[in-house]
There are 2 protein chains.
Amino acid sequence: MQSVPTAEIITIGDELLYGQVIDTNSAFLGQELGKLGIRVRQITSVSDRADEIVTALDLARTRANVVLTTGGLGPTKDDLTKHILTRYFNTELVLDEPSLRNVEAIFARFNRPVTEVNRQQAFLPASCLPVPNALGTAPGMWFEDQGTVFVSMPGVPFEMKRMMTDTVLPRLAAHFQVPPIEHIVVQTAGLGESMLAEQIADWEDALPANMKLAYLPSLGAVRLRLTGTDDGQPNLRGRMEALLPALREKLGQHIFAETDIPLEQAVGQLLAARGLTVATAESCTGGYLAHKLTSVAGSSRYFRGSVIAYHNDIKISQLGVLPETLAAHGAVSEEVVRQMAEGARQHLGTDVALATSGIAGPDGGSEEKPVGTFWLAYADAHRTVTRKIVFNRSRQLNIEYVTHALLNLLRLSLPAAE
Amino acid sequence: MQSVPTAEIITIGDELLYGQVIDTNSAFLGQELGKLGIRVRQITSVSDRADEIVTALDLARTRANVVLTTGGLGPTKDDLTKHILTRYFNTELVLDEPSLRNVEAIFARFNRPVTEVNRQQAFLPASCLPVPNALGTAPGMWFEDQGTVFVSMPGVPFEMKRMMTDTVLPRLAAHFQVPPIEHIVVQTAGLGESMLAEQIADWEDALPANMKLAYLPSLGAVRLRLTGTDDGQPNLRGRMEALLPALREKLGQHIFAETDIPLEQAVGQLLAARGLTVATAESCTGGYLAHKLTSVAGSSRYFRGSVIAYHNDIKISQLGVLPETLAAHGAVSEEVVRQMAEGARQHLGTDVALATSGIAGPDGGSEEKPVGTFWLAYADAHRTVTRKIVFNRSRQLNIEYVTHALLNLLRLSLPAAE
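Residues numbered from 1 in each chain as written. Chains lettered and ligands numbered in written order. Predicted model: local features only at pLDDT ≥ 70, side-chain atom pairs only at ≥ 80, totals over all residues. Heavy atoms only, no water.

Novice: With reference to specific residues and values, describe the overall build of chain A.
Specialist: Counting its secondary structure elements, chain A contains 17 helices and 17 strands. The buried share among the 418 residues of chain A stands at 53%. Look at the contacts in chain A between residues 6 or more apart in sequence, and 68% of them connect residues 24 or more apart. (Helix = DSSP H or I, 4+ residues; strand = E, 2+ residues; numbered from the N terminus. Buried < 20%, exposed > 50% of the residue type's maximum accessible area, 1.4 Å probe, protein only. Contact = heavy atoms within 4.5 Å.)

Have a look at this one:
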C-alpha cells in the first residue's frame, strides 16, 4: 500500500480576512477529499495580493501532493488568480473554445450579448487542463508541475462544488490511484455521543483493521460514518454492509436514517409512506418546527398547517385549550401541551399533531419552571404522548434542540405501517 | 502616523481539516481586528500535530505583529496548545491562582467536585499573562516574544468571543497604540448594492480622505460601514456623525437601523414603541416569518401568534378566506393574501398582520405562476397593502428572501408613532 496523498487548500479573498464572508468552501473540500482518502494538511486564507498568493503556493507545494485554490476567478476581480497562475507556471493565455461556447450559452439563456469582459474568461493558461464550470462563466484550471497537482476554482460555493463533483474528484482519484475507499452513514437521534459510544463499544472494538468509525455529533443527533479502506480483499462494501445488522440491533430505534438526509426529511418520508397528515401547535418554538417540516420539498403532501399560539388567548381560541387548565397548571405544563396537540389535530383536521410549550429564555423563567423547561406532546387518533425536557444554552439553541426533540418524538410515536 | 499592525490567525484542530466543523472564529476575529485598525494578513488552519502547529507559529511570526490562535485548549485534548506553547517559549507550567478559583467557581455552580483534569487547566506557562475565561475553565494566554504578541484562546466560539471583547482587544489597542479608529453602521433594506451605491455616489465621493465606506450585502439588505481613521484632528466621531444627515436624506426610509441589530429586532422595537401587536398568516414561508419574529428575546410583548395555512382548508377555517376567492384566483393571488392578512388580524386579535402565499419550489409552478412567485400583504385597522415579488434561487433562499421582504413591508407600513 502506498502512503496517503496530502492536500492543501488555499482560499483567496480580502473578504475572508476582513471576516465579511465565512469560509464554508474549505469544510466541503475537507469532507470530500477525506472521503477519497486524501488528508488535508492545512487550510490557508490569503488576501487578493499577488505576492501573498504566490508565497502561499510556494509553501503549500513543499507540504502537499495537491493544492486546491478557490476564489479570485471571475470578471469583477479581473481574473486575478488566473493571471497569477499564468505567470507562476510560466505560460501564456490562449483561447479555450469549449469555455467560450459555455460563456456564450449562458449569455444566450439570458438573451444578452457576451461582453468583452466575459469573453476574456475563456482565455486560459496554455499549460492547464480546463475544468468545465456547469453553473458559471469562469472555468477552473488543473495544472501538474514537478509532481504537484494544482487546481484553481471559483469561490462561488455552488459553482465550486459542482466542479469538484463532476470533474476534480474523479480526476484526483485517477491521478493518485487512491485505493478504493467506502463510506456508510448511519444517523442516530436521541442519544448523546458518549452514551452511544458505550452502547456500541463491543461492535466498534471488533471492527477489522481497515475499517474506522467516526462520530459526527450535532445538536441532539450523532452521525456515524464507517469508512473502509482497501485491504487487498474483494467486495469491501459488501463486507462493511454485513456488519450493519449487528449495529442496528444495538441501536434499535435510535437509527433514523442510513443515508445523509436531515431528520425532518426522514420524518416526512415516514408520514408520506403511511399516508398521514401532520399539524403543529407551537408556543416557545415560535414556528421553527413548522419551518423545519416545510423546509423539505414536497412537504405539502403531509403537512397541513400550524397554529403558533404565543399568547394564551390563541391557545384557547384556535386550539381549544381550556381556560381553567391554563389557570390551574400554567401554559408550560403537561396538561396544556396535551390539549394543544389534541386541539391541533381536531382544529386543523390532521391524523397526527405535535405541540410544545416552554421557556426559551433568556427571561420568563421562575423558581418552579426555570428557563429551559419544555413540555412536548404528540397526538394521534388513539393516544397522546407527552415528554418533559430541560435544556438551556441560548434562546436560539434551545429552540433548535426542542424542535429536534419534537421531530424525534413524532418519528418514534407514529403508528407502525400497515 | 505609524504603519498599520498586522495579525495572523491560526485555528487548530483536525475537525477543521476534515470539514466536520466550519471555522466561524476567524471571521469574528477578522471583523474585530479590522475595527481596531489591525490588518489580518493570513488565516491558517492546522491539525492537532505539534510539529505542524510549531511550523505555523514560526511562519506567522515572520509576517505579523500579532499571532492569534484558537483551539487545542481544554481538558479533552489534554491542553495540547498549552504544552506546545510552554515548550515553544522555553518556559514551564506554574499554578495560576485566579484561574484555579475560576475553575472551582464553575464546578461549585454545578455542585460538582473539581476533577484533577480540570485542576490542571489552572497551570499556565510562567512567561504568559493569563487571559481570564469568564465562560469556561480553560484560560487564554498572552505572550510577548521578540517583538511579536501571541495570544492563545479556546476554540469554543462563545468563550473565545467573550475573551476577545473583555481582555484581548483592549490589550491589543493599548499595546500597539493603534491610532483612534471609529465605525458607524447604517443598515438598509429594500435596495440592491449597485442601486444603493448609485444613490449615494455623490456623498461617498465627497468623503474626506480619512473616511472609507464599506458595503456589506446580504439577502435583501446592505449594511454600510463608515470607518474613520485618525487624521490628527480632534473629534473624529463627531465629524463622522456630522455626515450622517446628508446620508439619511439620500436613503430615506431605506435605513432601518443605525446599530448592528437584525431587521426583525428593528421591527420589534417599532411595534413595542407603538404598543402594537402582530400576527402572521403564512403559506409558502411555512412558519419562518413567525420564527424570525420570535427569535428576538422579549417578542411576546408584541407577537401574539400565527396561522400556518399550507392547506387551503386551513386558510378557510382558521383565517376566513372565502372558498370562492380561492376557486376564482387560486391560493397564490393578491385577493387571497389580502383575506389572509385581514383574517389573521381578526381571528388572532392583533393590531396588524402579515400574510404571504407563493411558490417556494422546486415544484408546484405553472406557466402563469412560476416557482418564485410570491404575494405579500400587510393589514392594519385602516388599510391593507399588497405586494408581488418574483425571486427564485433555491427553496431555502426563496423562503428567507420573502420573509425579509415581509419584515420590511411591516416596517414601512406601520402607522407613524403618535
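Read on for the rest.
Novice: Would you mind going over helix 2 (residues 25–36) of chain B in detail, with residue names and values included?
Specialist: Residue and element names in this part refer to chain B. Relative to the 16 Å expected for twelve residues at 1.5 Å per residue, helix 2 spans 17 Å between its end C-alpha atoms, a close match to the ideal helical length. Residues of helix 2 that are buried include every one of Asn 25, Ser 26, Ala 27, Phe 28, Leu 29, Gly 30, Glu 32, Leu 33 and Leu 36, and no others. Where helix 2 ends, the next residue or the one after it, Gly 37, has phi of about 90 degrees, a positive value. (Expected span 1.5 Å × (residues − 1).)

Novice: Which residues make up the sheet that holds strand 13 (residues 278–282) of chain A, and what are the values?
Specialist: Taken together, ten strands build an open sheet; the order of strands is 17(A)-16(A)-15(A)-13(A)-14(A)-14(B)-13(B)-15(B)-16(B)-17(B) and the sheet is mixed. Both edges of this open sheet fall to strand 17 (384–390) of chain A together with strand 17 (384–390) of chain B, since each of them pairs with a single strand only. Each strand of the sheet is rotated relative to its neighbour by a mean of 10 degrees, with strand direction disregarded. Contacting strand 13, strand 14 (303–309) and strand 15 (352–358) of chain A together with strand 14 (303–309) of chain B, helix 14 (residues 312–319) of chain A runs over the sheet at an angle of about 145 degrees to strand 14 of chain A. This element, helix 16 (residues 334–348) of chain B, spans strand 13 (278–282), strand 14, strand 15 (352–358), strand 16 (373–379) and strand 17 of chain B of the sheet and lies at about 145 degrees to strand 15 of chain B. (Pairing = 2+ DSSP bridges. Axes fitted to C-alpha atoms, helices over the stretch in contact; angles between N-to-C directions.)

Novice: Tell me what's going on with the environment of Trp 203 of chain A, and back it up with residues and numbers.
Specialist: Residues and elements named next belong to chain A. Its place among the elements puts Trp 203 in helix 9 (residues 201–205). By relative accessible area, which is 7% here, Trp 203 ends up buried. Expressed as a C-alpha distance, the spacing of Trp 203 and Ile 308, which sit 105 residues apart in the sequence, is 44 Å. Look past the residues within four positions of Trp 203 in its chain and what remains in contact with it is Leu 213, Leu 226, Leu 243, Ala 246, Leu 247 and Lys 250.

Novice: So what about the pairing of strand 13 of chain B? Which residues, and what values?
Specialist: Every regular strand shows the same layout, with side chains that alternate between the two sheet faces. Residue and element names in this part refer to chain B. Most of strand 13 is tucked away, with five of its five residues classed as buried. On strand 13, burial covers both faces: Val 278, Thr 280 and Glu 282 on one face and Ala 279 and Ala 281 on the other are all buried. Bridge count for strand 13 against strand 14 is five bridges, and the pairing is parallel. Looking at the pairing, Val 278 lines up with Phe 303 of strand 14. With five bridges joining them, strand 13 and strand 15 adopt parallel strand pairing. Bridge pairing links Ala 281 to Ala 355 in strand 15.

Novice: Lay out the interface of chain A and chain B in plain terms, naming residues and giving numbers.
Specialist: Contact with chain A, which involves 55 residues of that partner, is made by 55 residues of chain B. Of the roughly 4,600 Å² buried between chain A and chain B on both sides combined, carbon and sulfur atoms contribute 54%. The largest share of the area that chain A buries against chain B comes from Leu 17, Arg 304 and Tyr 310 of chain A, three residues that together contribute 13% of it. In this assembly, chain A and chain B are joined by six salt bridges. (Buried area = accessible area lost by both parts, 1.4 Å probe. Salt bridge = Lys/Arg side-chain N within 4 Å of Asp/Glu carboxyl O.)

Novice: How would you summarise unusual backbone geometry if you had to cite specific residues and measurements?
Specialist: Residues and elements named next belong to chain A. Omega for the bond connecting Gly 361 with Pro 362 falls within 30 degrees of zero, at 0 degrees, which places this linkage in the cis form. Turning to its location among the elements, Pro 362 is positioned in the loop between strand 15 and strand 16 (373–379). You will see that Gln 177, though not glycine, has its phi angle at about 40 degrees, which is positive. Along the chain, Gln 177 turns up in the loop between helix 7 (157–176) and strand 9 (181–189). Positive phi, close to 60 degrees, is recorded for Asn 235, a residue that is not glycine. In this fold, Asn 235 is placed in the loop between strand 11 (221–229) and helix 10 (236–241). The class of Asn 235 is exposed, set by a relative accessible area of 55%.

Novice: With reference to specific residues and values, describe helix 14 (residues 312–319) of chain B.
Specialist: Since there are 3.6 residues in each turn of an α-helix, residues three or four apart along the chain are aligned in direction. Residues and elements named next belong to chain B. For helix 14, every residue scored as buried is listed here: Ile 314, Lys 315, Gln 318 and Leu 319. For helix 14, the arc enclosing every buried residue in end-on projection is 105 degrees, short of the 170-degree limit, so these residues lie on one face. Gly 320 sits one or two residues past helix 14 and shows a positive phi near 75 degrees. (Arc of directions from axis to C-beta.)

Novice: How would you sum up the packing of aromatic side chains? Please name residues and give values.
Specialist: Here a ring pair, both rings aromatic, is described through the centre-centre distance and the interplanar angle of the planes. All names here are of chain A. Inspection of the entire model under this criterion finds twelve aromatic pairs over all chains. Measuring from ring centre to ring centre gives 5.1 Å for Tyr 88 and Phe 89, while their planes differ by 85 degrees; the resulting arrangement is edge-to-face. Geometrically, the ring pair formed by Phe 89 and Phe 143 is stacked, given 4.4 Å between the ring centres and 25 degrees between the ring planes. Of this pair, Phe 89 sits in the loop between helix 4 (80–88) and strand 4 (93–95) while Phe 143 sits in strand 7 (residues 140–145), and the two are 54 residues apart along the sequence. Here Phe 89 and Phe 143 have matching classes, each one buried. These aromatic residues form a ring-pair network of at least three members: Tyr 88, Phe 89, Phe 143 and Phe 150. When the ring centre of Trp 142 is taken as reference, the NZ or CZ atom of Arg 171 above it lies at 5.6 Å. (Phe/Tyr/Trp six-rings, centres within 6.5 Å; stacked < 30°, edge-to-face > 60°. Lys NZ or Arg CZ within 6 Å of the ring centre and 35° of its normal.)

Novice: Break down the relation of the copies chain A and chain B for me, citing the residues and quoting the values.
Specialist: One copy of the chain maps onto the other through a rotation about an axis plus a displacement along that axis. For the match of chain A to chain B, the screw axis carries a shift of 0.3 Å, the RMSD comes to 0.4 Å, and the turn is 180 degrees. Given the turn and translation reported, the copies of this chain are related as if by a two-fold rotation axis. In this assembly, 100% of the residues forming the interface of chain A have copies in chain B that are likewise at the interface, indicating an isologous arrangement. (Least-squares fit on C-alpha atoms with pLDDT ≥ 70 in both.)

Novice: I'd love a proper account of the domain arrangement of chain A, names of residues and values included.
Specialist: Partitioning chain A into structural domains gives domain 1 (6–176), domain 2 (181–257) and domain 3 (265–413). Computed from C-alpha coordinates alone, the two centres of domain 1 of chain A and domain 2 of chain A are separated by 35 Å. (Domains from an automatic or database assignment.)

Novice: Tell me about the environment of Asn 25 of chain A, and name the residues and values.
Specialist: All names here are of chain A. Mapped onto the elements, Asn 25 comes out in helix 2 (residues 25–36). On a C-alpha basis, the gap between Asn 25 and Val 385 in space is 42 Å, while along the polypeptide they are 360 residues apart. Contact partners of Asn 25, with chain neighbours within four places excluded, come to Thr 70, Gly 155, Pro 157 and Met 160.

Novice: Kindly report on the nonpolar core, identifying the contributing residues and their values.
Specialist: Leu 271 and Leu 410 of chain A together with Leu 271 and Leu 410 of chain B are the most contacted members of the largest nonpolar core, which has 72 residues in total. Among all residues touching Leu 271 of chain A, those that are not within four sequence positions of it are Leu 276, Val 278, Tyr 302, Val 352, Leu 410 and Leu 414 of chain A. Of all hydrophobic cores here, the second largest spans 44 residues; its members include Leu 319, Val 321, Val 332 and Ala 344 of chain A. (Core = buried A, V, L, I, M, F, W, Y, C linked by side-chain atoms within 4.5 Å.)

Novice: Could you give an account of the pattern of salt bridges, with specific residues and numbers?
Specialist: Side-chain pairing between opposite charges can occur once the charged atoms of the two side chains come close. With the rule as written, the count across this model stands at 28 salt bridges over all chains. With a closest N to O distance of 3.0 Å, Arg 39 of chain A and Glu 52 of chain B form a salt bridge. Here Arg 39 of chain A, found in strand 2 (residues 39–46), pairs with Glu 52 of chain B, found in helix 3 (residues 50–63), and the two come from separate chains. You can call Glu 52 of chain B buried: its relative accessible area is 4%.

Novice: Quick one: what's the story with the sheet that holds strand 11 (residues 221–229) of chain B, residue by residue and with numbers?
Specialist: Residues and elements named next belong to chain B. Ordered in space as 10-11-9-12, the four strands form an open sheet in which the pairing is antiparallel. This sheet does not close on itself; its edge strands, each paired only once, are strand 10 (211–218) and strand 12 (255–257). Going across the sheet, the axis of each strand differs from the next one's by a mean of 35 degrees, ignoring polarity. Two elements, strand 10 and strand 11, share eight bridges in a ladder whose sense is antiparallel. What sits directly across from Leu 213, in strand 11, is Leu 226.

Novice: Describe the packing of helix 14 of chain A against helix 16 (residues 334–348) of chain A, with residues and values.
Specialist: Residue and element names in this part refer to chain A. At their nearest, the axes of helix 14 and helix 16 sit 9 Å apart, and the two run at 40 degrees to each other. What the angle tells us is that helix 14 and helix 16 run oblique. Each of Lys 315, Gln 318 and Leu 319 in helix 14 lies in contact with helix 16, whose residues at this interface are Val 336, Gln 339, Met 340, Gly 343, Ala 344 and His 347. Among the residues making up the contact of helix 14 with helix 16, the classes are represented as four nonpolar, four polar and one charged. (Parallel < 35°, antiparallel > 145°, perpendicular 65-115°, else oblique. Nonpolar A, V, L, I, M, F, W, Y, C, P; charged D, E, K, R; others polar.)

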